[in-house]
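Observations on chain architecture
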Amino acid sequence: MPLLLAKYSETVSVTVRVPAKVNAYLGVGPRQADGFHSLATIFQSLGVYDEVTVAAAGELSITAAGTWADRIPTDETNLAWQAAVLMGDRCQRAPLVSITIDKSIPVAAGLAGGSADAAAVLVACNELWGAELDRGELDSLASQLGSDVPFMLHGGCALGSGRGDHLTPAMTRGTFHWVLATFSDGLSTPAVYRRFDELRPDAEDPAVPSELMQALARGDAEALGLALHNDLQQAAVALRPALGRVLSFGIDHGALGALVSGSGPTCAFLVRHEAAAIDLVVDLMGSGLVDGAMHTHGPVHGARVV
Ligand code: C5P
């Protein structure tokens, strides 16, 4: 009997921990017929996590908690809501769940926080409903939700192609230390891509340079710092010129490399070790240029039941 009760209580609610990501390389090609750009990107998951709890309920709802709670929608515009609906359709059941998002990943920041929460809901509903969808099926649902969602399921370090949703694991060694400079005002991803189209009408199909792949495989932070690159950075800086000053500040204060993360505005700095990270966080916080700064590391695991 106690065993039965334990089993029952396990399926009443499920909590999934899901990390943020940085694109150590983001090569952007031309806009395709489907409206998306072809990408060649290196994703790395970072040790900043949202915790998403999904519980059986009378109706679908989202409650937000944590640092960035007041910044996320709690209706059907939230990708996590759409993930529950899509999973319900796939499992032929009504998505009667309450979703609680304990948010630590900055919002609209280029760190894929919304995609992370959607990936977490897929994993949580799969567990809660005993649906037993395999990785391939979850991947296919994830790519219907957004370009970054499949990577948020997997985590680690991966090469993303297509519109970012076709993943190949990337060889990587050890742990890289990052500092993230965050801003309270987000940037719109479609607006950044539109500015990219204006700035780079002649964009060609991108590829990740072999130097960067080798730096990852060797765990060589110096070489990776030199190879960091983001084709969206020019567009993000055009929309938010202050980001250029933040990137230069980080390099002047010891970072091995700096780039805008994804479509921004978060600026990511690769540093040599933890002590360098702590120094840079202090310097950035004192600079008056940023709203927040944090030390993190990668790669880490993707969405996992806790
Ligand atoms: O796939 P996701 O919903 O994250 O994309 C958000 C927006 O970013 C898209 O509507 C599109 O404007 C832009 N995007 C793009 N090419 C990609 C990924 C995203 O143009 N490969």
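Use the structure listed above.
Okay, so let's go over this structure. (Residues numbered from 1 in each chain as written. Predicted model: local features only at pLDDT ≥ 70, side-chain atom pairs only at ≥ 80, totals over all residues. Heavy atoms only, no water.)

Within the fold, D50 resides in strand 2 (residues 37-56). Polar side-chain contacts of D50 include one of 2.2 Å to the side chain of K103. Of the polar contacts made by the side chain of D50, one reaches the backbone nitrogen of S104; its length is 2.8 Å. Leaving out residues up to four positions away in the same chain, D50 has contacts with V16, R17, V18, I101, D102, K103, S104, I105, G113 and D117. (Helix = DSSP H or I, 4+ residues; strand = E, 2+ residues; numbered from the N terminus. Polar contact = N/O pair within 3.5 Å; in protein donor to acceptor, adjacent residues only side chain to side chain. Contact = heavy atoms within 4.5 Å.)

Further remarks concern the site of the ligand. Around the ligand, the surrounding shell consists of G35, F36, H37, L39, G146, S147, R163, T189, P190 and Y193. Here an oxygen atom of the ligand sits 2.6 Å away from a polar atom, N or O, in the side chain of S147. In this structure, a nitrogen atom belonging to the ligand sits 3.1 Å away from a main-chain N or O atom of R163. For the ligand, the protein covers 75% of the area, taking 450 Å² as the surface of the free molecule. Within the shell around the ligand, the residues separate by chemical class into four nonpolar, five polar and one charged. (Near = heavy atom within 4 Å. Areas by Shrake-Rupley, 256 points an atom, 1.4 Å probe, with all protein chains shown as cover. Nonpolar A, V, L, I, M, F, W, Y, C, P; charged D, E, K, R; others polar.)

What follows covers the pattern of salt bridges. Pairs may arise between side chains of opposite charge once their charged atoms sit close together. Evaluated as defined, the whole model comprises 10 salt bridges. Among the ionic pairs, D231 bridges to R200, the shortest N-O distance being 3.6 Å. Here R200 lies in the loop between helix 6 (189-199) and helix 7 (210-218) and D231 lies in the loop between strand 8 (229-230) and helix 9 (233-239), a separation of 31 residues in the sequence. Three or more residues joined by partner-sharing salt bridges are found here, namely D50, K103 and D117. (Salt bridge = Lys/Arg side-chain N within 4 Å of Asp/Glu carboxyl O.)

These figures come from the coordinates and say nothing about function on their own.
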